[in-house]
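Structural overview for review
This is what each chain is made of:
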Amino acid sequence: MTHPPALSRFAAALILGIALTQPACSLPESDADLIIQHATLLSPERAAPLENAWVKVSGDRIIGIGTGPVESGDARVVDAEGAYLTPGLIDSHVHLYHATGLRARYTDDYASLYQGYMEQQPRSFLFYGFTTVIELNADAETNARFEAAPLHPHLVHCGQGIALSDGFMALELEGAPVGDAYPGYLIDSYANGLVPEGANPAAHTPEAVVESVIRQGGQCIKLYYEEALWWPGGAPDFRLPSVGIIRDVVQAAHAANLPVLLHATTPAGHEFALETGVDILAHGMWEWTGQTFTDPRPSAEIADIARRVALSDIAVQPTFQTIRNTASLFDTSVLEAPRWADVVPAAYLDYLRGDAQVQRENFLTMFGDMIAEGSDAEDMGAAQSAFLERYKNLIWEMYVEHARFLFGSDTAVGGFGWASPPGLAGYWEMQNWVDAGISLPTLFRSMTIDNAAAFGLAGEIGSIEPGKRADILILRANPLVDVTAYDQIELVVLAGEVIERSSLSARQMEAPGR
């Protein structure tokens, strides 16, 4: 199979973990500031764990790795006896402007709840070991707020998602000029796309929109193939992108060494991905046209599309938690999980357990007849469970075909539901992968070197190697043996700074005297 040069480069990076950026900076010629010793080192480029290992850090860089005794000099020493070292984790699909389950129409305390949630949000990602997050539809104000937090993961983003002048994203604006919300919108010249009044078409070509993302500091391109099949009564008219225009965007992005992601959840959307040469599907295929919501097996045609995606160079973010977010409306156990208190303020959890519950009836009113034969919450809960099971089976079948999966949680997905809290949703997504039959080593690689390579970051992060940024987790259990190890983090090392995990909890932020 032949590919354009840029696409071949992305495919090779996914397979081999090759960096797409410049190599990491040269090692500092200084003594270590930090030494972690007596640990078992797990890093995805290694064929086996490194026992009784030590890691030296100077500033924000790893400067040495070895085994056995080590001279500490004046360095701070962390004795990790019996613990496991891993690279910091990467969540490659987040949305930092959403607060899970929060809508102004449900509460009079929207502003204070939103503020409290956002103040805790960066710490909650770190609480679950995510030292890098990738925002797929960014805005400058949100980025600035996130990065102004005293402690926060490293932020990589795709700039603003690229909307068609007359596509689904414009439809959601309810008649407002598309340029007001999406100044870097794309005009589909292959399909006689809408040229808004007063617009200069030359500013909305594939090359121009990619350049717009680069000016925003974006390191990836986000596109959309949203058919809105779920729209009650059928969506109003809007345009889907043509194959030609997306191929041109892909070509322009690859010329700038940027990977291209496509939001798509339908058979047509995944077929479109295969035709256009995008690098990453931002979701799996959970909408099966021509079949009922709870059909347990895909049709032969849909199964064939899934298989061809699995065998292609396209990577897939399964994002189980996106559909589990909706299912949370009908699963009372979700809000009973004790870790909520670590990732959101107490007042926010009270809101979810109280005022937010009105969402359930609203959802049933809008979608009940489309999804379940019965009309009550119990009927809908059973339908959602069946829907999740069939999706899990589809992802398993793709995994058997050696699909390349990248870890992304879609935190905090919008829409109905409340199962997308920062950090904790990522941990739940890990469990979703394991429940679907994906191996723990595959999960580990997907959260580290595979994510890093896919986004051109493997020269900086994704493994514990000299020259790379010192983002390291110290865990009290082996994550290659038990997924619950990711909830047994003891210390987070963020660019060389050692942070007690417990200090990142929302419980600590609300403790007396804070």
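Whatever comes next refers back to the structure up there.
Throughout what follows, the structure given in this document is the object of discussion. (Residues numbered from 1 in each chain as written. Predicted model: local features only at pLDDT ≥ 70, side-chain atom pairs only at ≥ 80, totals over all residues. Heavy atoms only, no water.)

The strand order across the open sheet built from three strands is S6-S7-S8, with neighbouring strands paired in parallel fashion. A strand with exactly one partner marks an edge of an open sheet, and here the two such strands are strand S6 (89-94) and strand S8 (154-157). Strand-to-strand twist in this sheet, taken as the mean axis angle between neighbours without regard to direction, amounts to 20 degrees. As defined by bridge partners, S6 adjoins strand S7 (residues 130-135) across four bridges and the pair is classed as parallel. Counterpart to Ile90 in the pairing with S7 is Thr132. (Pairing = 2+ DSSP bridges. Helix = DSSP H or I, 4+ residues; strand = E, 2+ residues; numbered from the N terminus. Axes fitted to C-alpha atoms, helices over the stretch in contact; angles between N-to-C directions.)

Residue Ala412 is bonded to the preceding Thr411 through a cis peptide linkage, with omega at -10 degrees. For Ala412, the position within the fold is in the loop between strand S13 (404-405) and helix H15 (424-435). Within the chain, Asn192 stands out as a residue other than glycine whose phi angle is a positive 55 degrees. As for its placement among the helices and strands, Asn192 is situated in the loop between helix H5 (178-181) and helix H6 (206-215). By relative accessible area, which is 68% here, Asn192 ends up exposed. Within the chain, His402 stands out as a residue other than glycine whose phi angle is a positive 70 degrees. Assignment of secondary structure puts His402 in the loop between helix H14 (377-400) and S13. A relative accessible area of 66% means that His402 is categorised as exposed. (Buried < 20%, exposed > 50% of the residue type's maximum accessible area, 1.4 Å probe, protein only.)

Attention now goes to the state of the cysteines. Taken as a whole and judged by the stated rule, the model has one disulfide. Across the disulfide from Cys158 sits Cys220; the S-S distance is 1.9 Å. Around the S-S axis, the bridge from Cys158 to Cys220 shows a dihedral of about -100 degrees and counts as left-handed. Separated by 62 residues along the polypeptide, Cys158 in the loop between S8 and helix H4 (168-171) and Cys220 in the loop between H6 and strand S9 (221-224) bring together distant segments of the chain. Since its relative accessible area comes to 0%, Cys220 is described here as buried. (Disulfide = S-S within 2.5 Å.)

What follows deals with the environment of Trp428. Here Trp428 lies in helix H15. C-alpha separation for the pair Trp428 and Phe320, spaced 108 residues apart in sequence, amounts to 9.0 Å. Beyond its immediate sequence surroundings of up to four residues, Trp428 is in contact with Gln321, Val334, Ala337, Trp340, Ala419 and Pro421. (Contact = heavy atoms within 4.5 Å.)

The next point concerns the nonpolar core. If you look at the biggest cluster of nonpolar residues, it comprises 111 residues, and the most contacted ones within it are Ile221, Trp340, Met430 and Tyr486. Per-element accounting of this core gives the leading share, nine residues, to H14. Discounting residues that sit within four places of it in the chain, Ile221 has contacts with Cys158, Ile162, Val210, Val213, Val249, Ala253, Leu258, Pro259, Val260 and Leu261. (Core = buried A, V, L, I, M, F, W, Y, C linked by side-chain atoms within 4.5 Å.)

As a further point, take the sheet that holds strand S12 (residues 315-316). The pairing of strands in a sheet happens through backbone hydrogen bonds and is either parallel or antiparallel. If you trace the five strands from one edge of the open sheet to the other, you get S9-S10-S11-S12-S13, paired in parallel fashion. Bordering the open sheet on either side are S9 and S13, each of which pairs with just one other strand. Relative to S13, S12 is paired through two bridges, and the arrangement is parallel. Its bridge partner lying in S13, Ala315 is registered against Arg404.

The N-to-C vectors of helix H7 (residues 243-255) and helix H8 (residues 267-276) enclose an angle of 55 degrees; their axes lie 9 Å apart at closest approach. Here H7 is positioned oblique relative to H8, judged by the angle of their axes. Between H7 and H8 lies a crossing whose hand is right-handed. Taken together, the residues of H8 that come into contact with H7 (itself represented by Val243, Ile246, Arg247 and Val250) are Phe272, Glu275 and Thr276. Looking at the contact of H7 with H8, its residues break down into four nonpolar, one polar and two charged. (Parallel < 35°, antiparallel > 145°, perpendicular 65-115°, else oblique. Left-handed = near helix turned anticlockwise from the far one by under 90°. Nonpolar A, V, L, I, M, F, W, Y, C, P; charged D, E, K, R; others polar.)

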